[in-house]
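A closer look at the structure
Residues per chain, in single letters:
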Amino acid sequence: MRAQEIVWRETEGWSRTGAAADAGVVLYFGARQTLADGARYNELRTLYPNARIIGCSTGGQIQTDDVGDDMVAGIALSFDATKIKSAIETIAGPESSRTCGEAIGRALQADDLSGIFVLSDGLNVNGSHLVAGITGVIGDRVPLTGGLAGDGALFEQTLVGADCAPRSHTIAALGFYGSAIRIGHGSAGGWDVFGPRRRINRSYGNILHELDGEPALDLYERYLGDDSKGLPGSALLFPLQISHPERPDHELVRTVLSVDRAARSMTFAGDVPQGWNARLMRGNFDRLAAGAADAARLSQLRATDRGESDQVAILVSCIGRRLLMGQRVTDEVEAAGAELGARTSRLGFYSYGEISPHAVSGHCELHNQTMTVTAISESAG
Amino acid sequence: MHKLFAKQLAKATGPSGKVDIEKLAVMVGAAYDDADNDRRRTDRSMSLMIEEVDQLNRGLEQQVDERTAALNEREQQLRAQNLRLDAALSNMSQGLAMFDGDARLLICNQRYIEMYGLSPDVAKPGASLRDLLNHHSLNNVFTVDTDKRVSEVLESIDNGKRTGLVIEMLDGRTIAVVRQGMPGDGWVATHEDITDRRRAEQQIAHMARHDALTELPNRVQLREHLAIALERVQRGEHVAVHYLDLDHFKTVNDSLGHPVGDELLKAVAGRLRHCVGKTDTVARVGGDEFAIVQTGVDRPTDAAALAQEIREAIRAPFDINGHVVIVDASIGISHAPTDGIETNVLLKNADMALYRAKADGRGTYRFFEPQMDARMHERRKLELALRSALSNNEFELYYQPLIELNGDDVSGCEALIRWHHPELGMVPPLDFIPLAEEIGLIAQIGEWVIRRACEDAATWPDHVKVAVNLSPIQLTSQSLVSVVMNALARSRLQPQRLELEITEAVLMRNTEEVLATLHQLRSLGVRISMDDFGTGYSSLSYLRSFPFDKIKIDRSFIKGLPDNDSIAIVRAVTGLARSLSMTTTAEGVETHQQLDQVRALGCTEMQGYVFSPPMRLNELLLLFARDVSPHATGTA
């Protein structure tokens, strides 16, 4: 496999590093405002006429060690022995998440399916249901990674496209086939839980109403103080760790998508089941960066001799981490990069949700507030 | 240089190497803001969290306080409950011990400890059943095979049944133990001292088989012993049954009182026991009746010898509370297998032989004979017939006239009862009056006689009296006076025309009671005669004890006339009567010679065949109609 890093800047247009003649796949990430008119897609289509071109809007792009909002970060990949297939679905709303997931799964399912990378609308979806829909068809054996598109800290509209200009209400995925492809993955948070353990008294799907008998939004507003003006984005400063009362070690992190000030409820990117336990989390710059390094290391655990093949690492990190860390967000990108090494092309984006197998259970899930690393290469053989 | 500042500086440095200060300042400023915000958020969240944790802590503390209070209250309730339970256990009359599934003591009460003389060290919670049982054996409380008992107990508990056993303690106490499995595991055992109850039961069992007065076996045990003895008869042995009745025991009771009578019976029992062999049985079967089962009878004379020995033993004077009492015994003997080999048959036959002995004058013994059975059968038949004779109107009164010797007029008639049985024909009074007395019919028959005699006499000429014989039993009856009053009232007979005749024997017992009755009758106006004078003790004291209206001289003296002795006696009696203002009647005058003599000797009246035998009422009425005198008829 050969990788060609491609970057677009307003002042400079597209610039390319490396060789990827007749690339089969192009991935690209950019701010909604940059992608909305379809011009970037059209330019890429001209540059890579035979490639599957898949991309989305973000909460910030990662390009090597840099994090920025203005550029478009992309990569073009040429595979030696791997077939690629893309799928795209339009989603009407969160309630269709499972059926859309199942449709994606069915579109990509094949005996030699070796991995799926999915990009989904970040607002009109229940990420947990989407993942469950896909894994319901392809099973847990095939790694499923990816993320939900972002919209900076605005949470207004997200765009996704596969072989078309990015648009709202869209889910797109790439299927990798054959035995040569190597997909490593890692996911880690690095957040610290704090405060008392609370009980989810009332919730419905991904809508949380009450914690310990108190409206969830009341609790968040109290903790956010002045930051509560920035809701729902500022709620990302305090992710929620949830766990089943009987399986307390199997923890999931949930991040807020929207709030309903009238109902005093909050909508999360994944389910918050009633009866589960919940604890607030807060981030420490150093430990978040260490978390990102963990994710990168996990993605390399099963790395084999890849010979001449390039390796590309797609970093999908949560918008909440960026909002908290500010300019220090580059710390986590650098920490992940240090683990992956200079020979690995790195790009990615800040998302509204990360998709990766769980570090403990191996079960594919939607994560929030994590750094998720998907490492792609082809084996030497 | 700080890593971040290095980055910021790099970003602010243009391709020419010129630093854009303004750009750098914006980035550095923003970094400061980030740091400020982070610190502010950290402070805020820390203080909120502390507040929350504090609040939680307070909530927990309160919860702990509430739970502690609830626990304390519960503990108090449990303590009170335990005290009540302790009180209940301590005040139980039964011993109680509770064991767990491993047969270890959970709890026991003081009564349990006392009952078995356990030390508190041994009977403490956790002690095994085996230890407790061993302790019992060591302390000689009761002997038990510990291993066997433990496995029995565990087995019975496993079966879930309520089980009980009785422990005979070495000190004579009896303890009843009841075990009941408890829900879950273990069992509870109650121990009750049933020594008193057991003794009472034994006492009752003893009473059921013994006579309370003499402590001899009673009729129940007699039958058992006889049945056992009769089993030996099947193997060729011989057995005799003696039925014994004290002669005139009633007289002892009446004259000396029941306490003396009871002591006599005890003394008799003692002598009887001395007379018989170890394998023989002496039983008391009734008031003054005893029975003896004599085993090892080789010859018929063995039974006779015992009977004789018994009689001799009984006849020796008894000293009862300072009274010298002399009694004799009548004995009936039956013999097995000769007279039967069944209990009932032998007892019945001995009884019949006794009856015979009594009938033969008492103070003797008789062996059973088959004809006794027949005679007894006859007697039964007669008894049944007699019981229905009154209602069947089978009695009739005959009258024998009494002639006043002064004017040769009929002055009265003696009523004499006759029984016409449809099959047996005429039954003589001597055959049925003793039977009626024996079976208690005499009062009814006597009442009928009095009533009938009064009614008949009311139809006679006014100067003719009617004489009625009273049985000694009638005289001791409470109702005699009212019977006489009713008879007089119904017949409208003048009381002076009724003469009641009593014999000396009546005065021989219950004298005071009889005299009181006689005085009451006398106060009604009724006349009282002394009948058959001279046949008994003829004690003058009897004549002085009551002012009789008349003395009837017994026919034996009249029959003896005209020899000198009889003349002297008749003269003495008439003289005595005159001096006591009594009239005299000569009974059984059969010849004109006798008639002349009794007249000459001063008798007031005479009665006999020389004038008339007893006759039926209608014949008597014909006699009255003819208004005849003895001289006119002259029949003999």
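Everything numeric in this text was worked out from a predicted model, so none of it was measured.

1. Observations regarding the overall build of chain A
- When helices and strands are counted, chain A shows eight helices and 26 strands.
- Expressed as a percentage of its 381 residues, the buried residues of chain A come to 60%.
- Put simply, of all contacts in chain A between residues at least 6 apart along the chain, 80% involve residues at least 24 apart.

2. Some thoughts on the overall build of chain B
- A tally of regular secondary structure across chain B gives 24 helices and 21 strands.
- Here chain B holds 636 residues, and the buried ones make up 31% of them.
- Restricting the contact set of chain B to residue pairs at least 6 apart, pairs at least 24 apart contribute 57%.

3. A short note on the sheet that holds strand 9 (residues 113-120) of chain A
Residue and element names in this part refer to chain A.
- Pairing within the open sheet is mixed, and its six strands lie in the order 8-12-9-10-24-25. Looking along the sheet, the strands with just one partner apiece sit at the ends: strand 8 (83-90) and strand 25 (364-367). Each neighbouring strand pair of the sheet contributes to a mean axis angle of 15°, computed without reference to strand direction.
- Sheet topology note: the strand 9/strand 10 (residues 144-148) ladder contains five bridges and is parallel. Bridging from a neighbouring strand, Ser120 pairs with Leu148 of strand 10.
- Sheet contacts for helix 3 (residues 97-108): strand 8, strand 9 and strand 12 (170-177); angle to strand 8, the most-contacted strand, approximately 155°.

4. With respect to the packing of helix 6 (residues 285-299) of chain A against helix 8 (residues 330-340) of chain A
All names here are of chain A.
- Contact geometry of helix 6 with helix 8 gives a least axis separation of 8 Å together with a crossing angle of 30°. In this view, helix 6 runs roughly parallel relative to helix 8, as classed from their interaxial angle. In the crossing of helix 6 with helix 8, the sense of the turn from one axis to the other is right-handed. Across the interface between the two elements, Phe285, Leu288, Ala289, Ala290, Ala292, Ala293, Ala295, Ala296 and Arg297 of helix 6 pack against Asp331, Glu332, Ala335, Ala336, Ala338, Glu339 and Leu340 of helix 8.
- Tallied by class, the residues present in the contact of helix 6 with helix 8 amount to twelve nonpolar, no polar and four charged.

5. Some remarks on the nonpolar core
- Ranked by size, the top nonpolar core spans 123 residues in total, and within it A:Val26, A:Leu77, A:Ile116, A:Val118, A:Ala173 and A:Ala336 carry the most contacts.
- Here this core gets seven residues from one element, more than from any other, and that element is helix 6 of chain A.
- Each of two domains, domain 1 (2-188 + 286-378) and domain 2 (192-282) of chain A, supplies a minimum of three residues to this core.
- Those residues in contact with A:Leu77 that sit more than four places away from it in its chain are A:Met1, A:Ala3, A:Ala20, A:Ala23, A:Gly24, A:Val25 and A:Val312.
- By size, the runner-up hydrophobic cluster in this structure holds 65 residues, among which are B:Leu397, B:Ala415, B:Ile433 and B:Val598.

6. Considering the sheet that holds strand 11 (residues 160-162) of chain A
Residue and element names in this part refer to chain A.
- Taking strand neighbours across the sheet as the criterion, the six strands line up as 2-1-7-3-4-11 in an open arrangement whose pairing is mixed. Unpaired on one side and paired on the other, strand 2 (13-17) and strand 11 mark the two borders of the sheet. The average undirected angle you get between the axes of adjacent strands in this sheet is 15°.
- Where strand 3 (residues 25-30) and strand 4 (residues 52-57) come together, six bridges link them in parallel fashion. Each bridged residue has a counterpart across the sheet, and for Gly30 the counterpart in strand 4 is Ser57.
- Here helix 2 (residues 39-47) sits on the sheet and contacts strand 1 (2-9), strand 2, strand 3, strand 4, strand 7 (72-78) and strand 11; the angle it forms with strand 3, its principal contact strand, is near 155°.

7. What to know about the interface of chain A and chain B
- With 13 residues of chain A in contact, the opposing surface of chain B contributes 14 residues.
- Of all the elements in the fold, those that place two or more residues in the side of chain A that touches chain B are strand 14 (192-204) and helix 5 (216-224) of chain A.
- A per-element tally of the side of chain A that touches chain B places strand 14 of chain A first, with three residues.
- Looking at the side of chain A that touches chain B, its residues break down into four nonpolar, five polar and four charged.

8. Describing the pairing of strand 1 of chain A
All names here are of chain A.
- The element strand 1 is largely enclosed, with a buried count of six among its eight residues.
- Strand direction decides the pairing type here: strand 1 and strand 7, joined by seven bridges, are antiparallel. Considered in strand 7, the bridge of Gln4 is made with Ala76.
- Of the pairings in the sheet, the one linking strand 1 to strand 2 comprises five bridges and is antiparallel in character. Residue pairing across strands places Glu5 opposite Thr17, the latter belonging to strand 2.
- What sits between strand 1 and strand 2 in their antiparallel hairpin is a turn of three residues.

9. Quick look at the confidence of the model for chain B
Residue and element names in this part refer to chain B.
- Averaged over all residues, the pLDDT of chain B equals 88, while 97% of them reach at least 70.
- Contacts from residues 630-636, a stretch scored under 50 in pLDDT, to residues over four places away or in other chains number eleven contacts.
- For this predicted complex, the interface confidence reaches an ipTM of 0.79, while the overall pTM sits at 0.50.

10. So, the pairing of strand 3 (residues 163-168) of chain B
All names here are of chain B.
- Pairing of strand 3 with strand 4 (residues 174-181) involves six bridges; the strand directions are antiparallel. Along strand 4, the bridge assignment pairs Glu168 with Thr174.
- Connecting strand 3 to the next strand, strand 4, in antiparallel fashion are five residues, including Gly172 with a positive phi near 100°.

11. Brief notes about unusual backbone geometry
- For the bond from A:Leu231 to A:Pro232, the omega torsion is 5°, close enough to zero to count as cis.
- The omega torsion of the bond from B:Ala336 to B:Pro337 falls at 5°, within 30 degrees of zero and hence cis.
- With respect to the helices and strands, the residue B:Pro337 is situated in the loop between strand 11 (328-336) and helix 11 (343-359).
- Although it is not a glycine, B:Asn321 sits at a positive phi angle of roughly 50°.

12. Thoughts on the environment of B:Ala458
- Along the chain, the position of B:Ala458 falls in the loop between helix 14 (442-457) and strand 16 (465-469).
- Ignoring any residue separated from it by four or fewer positions in sequence, one finds B:Ala458 in contact with B:Ser491, B:Arg492 and B:Leu493.

Scoring rules and cut-offs
- Residues numbered from 1 in each chain as written.
- Chains lettered and ligands numbered in written order.
- Predicted model: local features only at pLDDT ≥ 70, side-chain atom pairs only at ≥ 80, totals over all residues.
- Helix = DSSP H or I, 4+ residues; strand = E, 2+ residues; numbered from the N terminus.
- Buried ≥ 20, exposed ≤ 12 C-beta atoms within 10 Å, placed from the backbone.
- Contact = placed C-beta atoms within 7 Å.
- Pairing = 2+ DSSP bridges.
- Axes fitted to C-alpha atoms, helices over the stretch in contact; angles between N-to-C directions.
- Parallel < 35°, antiparallel > 145°, perpendicular 65-115°, else oblique.
- Left-handed = near helix turned anticlockwise from the far one by under 90°.
- Nonpolar A, V, L, I, M, F, W, Y, C, P; charged D, E, K, R; others polar.
- Core = buried A, V, L, I, M, F, W, Y, C linked by C-beta atoms within 7 Å.
- Domains from an automatic or database assignment.
- pLDDT = per-residue confidence, 0-100.

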